[in-house]
Amino acid sequence: MDQSEIKNWQKIASDLEAAGAIHSGFYLRARAIADGEPDPMPTLSELSQKPSAA
């Protein structure tokens, strides 16, 4: 992820905090990326490896 993308996630996290919208997966993802942590969203390859519930 390049610096421009990280800045966008920082803005998203700040805007969600200002709105009080901090109880969502989208906010948790934005905050993690803004804080320099790994993106918590699974990749497509990770999702495709999980067994489906039948």
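Procedures and definitions
Residues numbered from 1 in each chain as written. Predicted model: local features only at pLDDT ≥ 70, side-chain atom pairs only at ≥ 80, totals over all residues. Heavy atoms only, no water. Helix = DSSP H or I, 4+ residues; strand = E, 2+ residues; numbered from the N terminus. Expected span 1.5 Å × (residues − 1). Buried < 20%, exposed > 50% of the residue type's maximum accessible area, 1.4 Å probe, protein only. Arc of directions from axis to C-beta. Polar contact = N/O pair within 3.5 Å; in protein donor to acceptor, adjacent residues only side chain to side chain. Phe/Tyr/Trp six-rings, centres within 6.5 Å; stacked < 30°, edge-to-face > 60°.

Draft legend 1. Region of the structure containing helix α1 (residues 3-19). Here α1 is 17 residues long and its end C-alpha atoms lie 24 Å apart, about the 24 Å a rise of 1.5 Å per residue gives. Listing the buried residues of α1 in full gives W9, A13 and L16. For α1, the buried positions fall inside an angular range of 70 degrees around the axis, keeping them on one side. Opposite the packed face of α1, turned more than 90 degrees from it, sit the exposed residues Q3, K7, K11, A18 and A19. With a side-chain oxygen lying 3.1 Å from the backbone nitrogen of S4, the N-terminal cap of α1 falls on D2. Immediately downstream of α1, the backbone of G20 shows phi near 75 degrees, a positive value.

Draft legend 2. Layout of the environment of G25. Positionally, G25 belongs in helix α2 (residues 25-34). G25 gets classed as exposed once you look at its relative accessible area, which sits at 55%. Sequence spacing of G25 and P40 is 15 residues, and the spatial spacing of their C-alpha atoms is 9.2 Å.

Draft legend 3. Expanded view of the packing of aromatic side chains. Within the structure shown, the criterion is met by 1 aromatic pair. Centre to centre, the rings of W9 and F26 are 5.6 Å apart; their planes meet at 55 degrees, and the pair counts as tilted. With W9 in helix α1 and F26 in helix α2, the pair connects residues that are 17 residues apart, well separated along the chain. Its relative accessible area of 44% is what places F26 among the partly exposed residues.

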